[in-house]
Amino acid sequence: LSPSDDEGAMVDRFLYIPEAPKNYRKLKDQIYEIYDGILRSLTLTFSYEGGTTPGTRKVEPYALVMYQNGLYVVGRDVQKNVLRTYAVEHMRRVRVLSNAPFKRDPNVDVSKMFEGAFGLFYSGERRHVVVDFAAEVAQYIEPREWHATQKMTRLEDGGLRVELDVTNLTEVESWVMRWGHNAVVREPAALAQKVRDEHLKAAARYA
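The notes below deal with the structure included here.

What counts and what doesn't
- Residues numbered from 1 in each chain as written.
- Predicted model: local features only at pLDDT ≥ 70, side-chain atom pairs only at ≥ 80, totals over all residues.
- Heavy atoms only, no water.
- Buried < 20%, exposed > 50% of the residue type's maximum accessible area, 1.4 Å probe, protein only.
- Helix = DSSP H or I, 4+ residues; strand = E, 2+ residues; numbered from the N terminus.
- Contact = heavy atoms within 4.5 Å.
- 1 Å grid on protein atoms, 1.4 Å probe; cavity = no way out; pocket = protein on both sides within 12 Å on 5 of 7 lines; lining within 4 Å.
- Points joined across faces, edges and corners; volume = space filled by probe spheres on them.
- Nonpolar A, V, L, I, M, F, W, Y, C, P; charged D, E, K, R; others polar.
- Phe/Tyr/Trp six-rings, centres within 6.5 Å; stacked < 30°, edge-to-face > 60°.

## Points about helix 4 (residues 170-178)
- Where helix 4 is concerned, the buried positions are E171, V172, E173, W175 and V176.
- As for helix 4, its buried residues are in contact with strand 2 (55-67), strand 6 (127-133), strand 8 (160-166), strand 9 (183-187) and helix 5 (189-205).
- G180, located one to two residues past helix 4, shows a positive phi value of around 55°.

## Focus: the layout of surface pockets
- The computed volume of the largest pocket comes to approximately 650 Å³.
- If you trace the largest pocket, you find 21 residues lining it, with Y48, G51, R84, T85 and F121 closest to the centre.
- When contributions to the lining of the largest pocket are tallied by element, the ones reaching two or more residues are strand 2, strand 3 (70-77) and strand 4 (82-87).
- Of all the elements, strand 4 adds the most residues to the lining of the largest pocket, at five residues.
- Here the lining of the largest pocket is composed, by residue class, of nine nonpolar, seven polar and five charged.
- In this model, the second largest pocket occupies a volume close to 560 Å³.
- Residue lining of the second largest pocket: 13 residues in total, with E19, Y67, Q68, W146 and R178 positioned closest to the centre.

## A short note on the packing of aromatic side chains
- On inspection of all chains with the given rule, the structure shows eight aromatic pairs.
- With 5.2 Å between their ring centres and 85° between their planes, Y48 and Y86 make a pair best called edge-to-face. Placement of Y48 in strand 1 (residues 42-48) and of Y86 in strand 4 is noted, with a sequence separation of 38 residues between them. A single burial state applies to Y48 and to Y86, both of which are buried.

This is the structure:
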């Protein structure tokens, strides 16, 4: 920088604008409990308001994950003895159980749990997905790496075909829906049907 440059203005020259970040201002106390549980390998207890079966949980927290500007706890559900992912904003009355330390399973690598996932959902066998995007949106799709397995092929009409091998279709559906009529699912048939049904429901609301 030359002497004439205003160093204080540098913050105005390089910006990060998050897309709809979650607000955790009112959750500072429970986030502190989560940090404490992860760092000291102590079991957490909390009331969970998300998922298909809301209720009290006891969880051995392995990691705190940030995804799409949101925080998630990955840990072992003590009662069910399975790894689960919990959205922090749905965790209520979080407490560290100082008398319930746990030993981390050396075979659990949280970073590898999400291999093959499209987003945060990682369970299931790999499925081959094929989506055709119209030429109008191809320029927005092509420069991005949506998934480690992606294969992109330009179509004769200027559109773009994207092929993926993912372990869960939940967020793939949301991704396709985001592009409206400019995205068409070719495979698998079950995903194509779900997207079609959602479009029909949406259209009916405008009838």
